[in-house]
Structures are given as C-alpha cells and as structure tokens.
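Letter by letter, the chains look like this.
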Amino acid sequence: MTIMESTGIIRRIVERDGVFRVSFPEHAGYFSIAPDTADAAALEQRLRSAADTGATITFRFDARLRITEIL
C-alpha cells in the first residue's frame, strides 16, 4: 500500500456517528485515523491539540485518506 506525506494546518474536525474526521486546506477530502493504528487515541489527541493551537503538522496517510502517523 502506498503511503504519502503532507504538511498543513487543520481546517476542521468533524465527528458524526462516532467517526472522527479531519480536513486540511490543501486537500479536498476528509481524513480519518487508520483503524490499525497502534495508539489511535493518542493520534486523535495530537490532532485535536494541533487544531486547537493552529500548529502545522506533518502526517502520513494512505490512499483511503487514513492517517497512519504524525511526524
């Protein structure tokens, strides 16, 4: 599976029906956390923190727009 990398500031976090999604201005789609991520809760907390502070993050994701890692 191809893993890509991007850098950006979180535009919005959306939660519907227990599904956590995040969007970035540089991308047209919403990203989710990959279900097989070792510590998905910690990854979600890092994304929330970055959104709250407006921090720029670098992250890796797969072709299904699932975030696998924050660098």
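Structure report, in brief. (Residues numbered from 1 in each chain as written. Predicted model: local features only at pLDDT ≥ 70, side-chain atom pairs only at ≥ 80, totals over all residues. Heavy atoms only, no water.)

Observations regarding the environment of Thr-53
As a reminder, the rule being used: Where helices and strands are cited, they refer to DSSP runs of H or I of at least four residues and of E of at least two residues respectively, numbered from the N terminus. Contacts described as polar in this section are N or O atom pairs within 3.5 Å, which, within protein, must combine one atom able to donate a hydrogen with one able to accept it, while residues neighboring in sequence count only if both atoms come from side chains.
Inspection of the secondary structure assignment puts Thr-53 in helix α1 (residues 40-53). Here the alpha-carbon distance between Thr-53 and Ile-9, two residues 44 residues apart in the chain, equals 9.6 Å. Engagement of the side chain of Thr-53 in a polar contact is seen with the backbone nitrogen of Ala-55, the distance being 3.4 Å.

Concerning the sheet that holds strand β6 (residues 66-70)
Our working definition: Strand pairing is assigned whenever DSSP detects at least two bridges linking the two strands. The angle between two axes is taken between their N-to-C directions and runs from 0 to 180 degrees, where each axis is a line fitted to C-alpha atoms and a helix contributes only its stretch in contact. Throughout, a residue-residue contact means that at least one pair of heavy atoms, one from each residue, lies within 4.5 Å.
The strand order across the open sheet built from 6 strands is β1-β5-β6-β4-β3-β2, with neighbouring strands paired in mixed fashion. Single-partner strands in this sheet number two, and they are β1 (3-9) and β2 (12-16). Direction aside, the axes of adjacent strands within the sheet are offset by 40° on average. Sheet topology note: the strand β4 (residues 30-33)/β6 ladder contains 2 bridges and is parallel. Across the sheet, the residue bridging to Ser-32 is Arg-66, located in β6. Across the sheet, α1 lies against β2, β3 (19-23), β4, β5 (56-62) and β6, angled at about 85° from β6, the strand it touches most.

Structural notes on α1
For clarity, the threshold we go by: Residue count minus one, scaled by 1.5 Å, sets the expected span of a helix. Buried residues are those whose accessible area, probed at 1.4 Å on protein chains only, stays under 20% of the maximum for their type, while exposed residues exceed 50% and partly exposed ones sit between those limits. The arc under discussion is defined with respect to the helix axis, by the directions toward the C-beta atoms.
Look at α1: 20 Å from first C-alpha to last across 14 residues, which is about the 20 Å you get at 1.5 Å a residue. Those residues of α1 that fall on the buried side of the exposure criterion are Leu-43, Leu-47 and Ala-50. Along α1, the residues classed as buried sweep out an arc of 65° about the axis, all on the same side. For α1, the exposed residues set more than 90 degrees away from the buried face come down to Ala-41, Asp-52 and Thr-53. Where α1 is buried, its residues meet β2, β3, β4, β5 and β6. Just downstream of α1, Gly-54 is the residue with a positive phi angle, here 75°.

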